[in-house]
Amino acid sequence: MTLLAILLGTLAAGIGSVWLAAWLSFGIVSRYTQHMLSLAAGALLATAFLHLLPEAFEAGVEPHNLFVTLLFGLLFFFLLDKAELWHHGHEHHHGHDHNHDHAHVHDHGAPSKPLAGGWAILAGDSVHCFGDGVLIASAFMVDLRLGIVAALAVLAHEVPHHMGDLVVLREGSRSRQTAVLKVSLAGAITALGGVTGYALLDQLHGILPYMLAIASSSFIYVALADLIPQLQKRLSSRETAAQIVWLLAGMGLVSGVSLLAHSSSLH
């Protein structure tokens with residue numbers, strides 16, 4: 001019974017949050033696509049600095065070890081980004097061999113560098129979702145009602161974060177369906193974390209802080225290396241102000257939802 005509840009709770013939190021985020025990103029706020037990169041950058045940075053890293057440091061692990069993990073995580077996702085860009089460039093080159101001089105020029109005035117970060121986002125998401133699954137499993141193993149609240153809290157605070165993920169993947173693939181499918185598969189890792197947590201809860205508690213640091217490094221890298229540079233253009237003061245407002249909105253959205261979720265779990 002407990003294992004079934006864990007499976008249902010983790011799937012609802014992991015995949016349900018993605019579908020809700022997709023409905024918001026591609027439905028209600030789709031008219032603001034020009035500002036979604038700013039919102040995504042703010043959401044990813046807030047998730048890393050205001051949610052994941054504080055939770056990792058509160059676990060009582062030596063801070064130096066977490067900073068080393070964060071540093072190597074940033075290096076790893078930099079190399080992963082390089083591999084992704086090489087992969088795209090290699091495919092593009094073979095697809096347009098007859099026009100080598102323009103192999104990396106896109107139509108409609110798009111930047112020559114494609115928006116990468118897809119692999120980094122999915123890798124960080126998978127690690128993060130696995131950790132969420134372990135946390136939900138631990139709550140269900142204490143009390144059924146506590147597990148339900150934990151699953152709802154995870155679902156709520158993941159929505160703004162997944163909105164940022166979907167923007168990154170949508171810009172990279174130009175396909176909403178592909179973006180939703182990829183993030184949904186990463187969200188399904190929550191169930192794997194739940195089952196693993198049910199079986200190996202005591203052994204996993206020690207590595208959870210490091211998993212949070214690795215997930216944080218992916219979100220920080222994507223925000224600073226892929227999203228923020230897309231915003232560094234010569235704009236009017238009004239457009240610049242709009243960028244800042246949407247960036248702060250992404251941070252505020254994650255912060256507000258996380259606070260509400262934390263308050264609900266305490267009650």
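Here the structure is shown first, and the text comes after it.
Residues numbered from 1 in each chain as written. Predicted model: local features only at pLDDT ≥ 70, side-chain atom pairs only at ≥ 80, totals over all residues. Heavy atoms only, no water.

K.L.:
Please explain the overall build of the chain as it appears in this structure.
P.N.:
Check the secondary structure of the chain and you find eight helices and zero strands. Its helices and strands taken in sequence order, the chain reads α-α-α-α-α-α-α-α from the N to the C terminus. Out of the 267 residues in the chain, the part that is buried amounts to 46%. Across the chain, the fraction of contacts at a sequence separation of at least 24, relative to all contacts at a separation of at least 6, is 86%. Accessible area of the chain: about 13800 Å², with a carbon and sulfur share of 66%. (Helix = DSSP H or I, 4+ residues; strand = E, 2+ residues; numbered from the N terminus. Buried < 20%, exposed > 50% of the residue type's maximum accessible area, 1.4 Å probe, protein only. Contact = heavy atoms within 4.5 Å. Areas by Shrake-Rupley, 256 points an atom, 1.4 Å probe, with all protein chains shown as cover.)

K.L.:
It is not clear to me how helix α7 (residues 208-231) should be interpreted in this structure. Could you clarify?
P.N.:
Given 3.6 residues per helical turn, the α-helix brings residues three or four places apart onto the same face. For α7, built from 24 residues, the straight-helix expectation of 34 Å at 1.5 Å per residue is met to within 8% by its first-to-last C-alpha distance of 33 Å. The largest bend in α7 comes to about 30 degrees, at A223. Counting buried residues along α7, 18 of its 24 residues qualify, which places the element largely inside the surrounding structure. (Expected span 1.5 Å × (residues − 1). Bend = angle between axes of the 7 residues up to and from the residue.)

K.L.:
I'm lost on the packing of helix α2 (residues 36-57) against α7 in this one. Help?
P.N.:
Packed helices, taken two at a time, are described by their axes: the angle between them and the distance between them. Viewed as axis vectors pointing N to C, α2 and α7 meet at an angle of 160 degrees, and their least axial separation amounts to 9 Å. Looking at the two axes, α2 sits roughly antiparallel to α7. In this structure, α2 meets α7 at a crossing whose hand is left-handed. (Axes fitted to C-alpha atoms, helices over the stretch in contact; angles between N-to-C directions. Parallel < 35°, antiparallel > 145°, perpendicular 65-115°, else oblique. Left-handed = near helix turned anticlockwise from the far one by under 90°.)

K.L.:
I keep staring at a nonpolar patch on the surface and nothing clicks. Help me out?
P.N.:
Taken together, the side chains of V68, L71, F72, L75, F78 and L79 define a hydrophobic patch exposed on the protein surface, amounting to about 580 Å² of accessible area. Along the chain, the position of F78 falls in helix α3 (residues 63-95). On the basis of relative accessible area, F78 is assigned to the partly exposed category, the value being 36%. (Patch = residues over 30% accessible without salt bridge, like charges linked within 9 Å, V, L, I, M, F, W, Y side chains within 5 Å. Salt bridge = Lys/Arg side-chain N within 4 Å of Asp/Glu carboxyl O.)

K.L.:
What should I look at first to understand the environment of L204 in this one?
P.N.:
In this structure, L204 sits in helix α6 (residues 176-204). With a relative accessible area of 9%, L204 lands in the buried category. Expressed as a C-alpha distance, the spacing of L204 and G131, which sit 73 residues apart in the sequence, is 9.2 Å. Those residues in contact with L204 that lie beyond four places of it in its chain are F130, V134, T196 and G197.

K.L.:
Can you help me understand the side chain of S38 in this one?
P.N.:
Position of S38 relative to the elements: it lies in helix α2. In contact with S38, not counting residues within four places along its chain, are L231, Q243, W246 and L247.

K.L.:
Before we go on, may I ask you to explain the nonpolar core in this structure?
P.N.:
One recurring pattern in soluble globular proteins: nonpolar side chains tend to sit buried together. One finds L44, I121, L166, F219, V222 and L227 to be the most contacted residues of the largest nonpolar core, which totals 44 residues. Elements with a contribution of two residues or more to this core: α1 (2-28), α2, α3, α4 (118-142), α5 (144-173), α6 and α7. Considering every element that reaches this core, the biggest residue donor is α2, with 11 residues. Other than its neighbours up to four places away in sequence, L166 contacts V18, A21, A22, S25, F26, A179, V180 and V183. (Core = buried A, V, L, I, M, F, W, Y, C linked by side-chain atoms within 4.5 Å.)

K.L.:
Even after reading the chapter, I still don't get the side chain of H162, so can you show me in this structure?
P.N.:
Examined against the element boundaries, H162 turns out to sit in helix α5. Since its relative accessible area comes to 0%, H162 is described here as buried. In this structure the side chain of H162 is engaged in a polar contact, spanning 3.5 Å, whose partner is the side chain of S17. Sequence-distant contacts of H162, defined by excluding residues within four places in its chain, comprise G14, S17, V18, A21, D125 and V183. (Polar contact = N/O pair within 3.5 Å; in protein donor to acceptor, adjacent residues only side chain to side chain.)

K.L.:
Even after reading the chapter, I still don't get the packing of aromatic side chains, so can you show me in this structure?
P.N.:
Both the distance between ring centres and the angle between the ring planes are used here to describe each pair of aromatic rings. On inspection of all chains with the given rule, the structure shows two aromatic pairs. The interplanar angle of 70 degrees and the centroid separation of 5.1 Å between the aromatic rings of F76 and F77 together place this pair among those described as edge-to-face. Accessibility expressed as a relative area gives 46% for F76, which makes it partly exposed. For F77, a relative accessible area of 2% corresponds to the buried category. (Phe/Tyr/Trp six-rings, centres within 6.5 Å; stacked < 30°, edge-to-face > 60°.)

K.L.:
What should I look at first to understand the environment of H35 in this one?
P.N.:
Along the chain, H35 turns up in the loop between α1 and α2. When the C-alpha positions of H35 and E239 are compared, they lie 9.7 Å apart, and in sequence the two are 204 residues distant. Beyond its immediate chain neighbours, meaning those up to four positions away, H35 contacts A242 and W246.

K.L.:
Please clarify how α6 should be interpreted in this entry.
P.N.:
With 29 residues, α6 extends only 35 Å from end C-alpha to end C-alpha; this falls clearly short of the ideal 42 Å at 1.5 Å per step. Most pronounced at Y198, the bend in α6 amounts to some 75 degrees.

K.L.:
So what exactly am I meant to see when it comes to the environment of G60 here?
P.N.:
In this fold, G60 is placed in the loop between α2 and α3. Counting along the chain gives 149 residues from G60 to P209, while the straight-line C-alpha distance between them is 8.8 Å.

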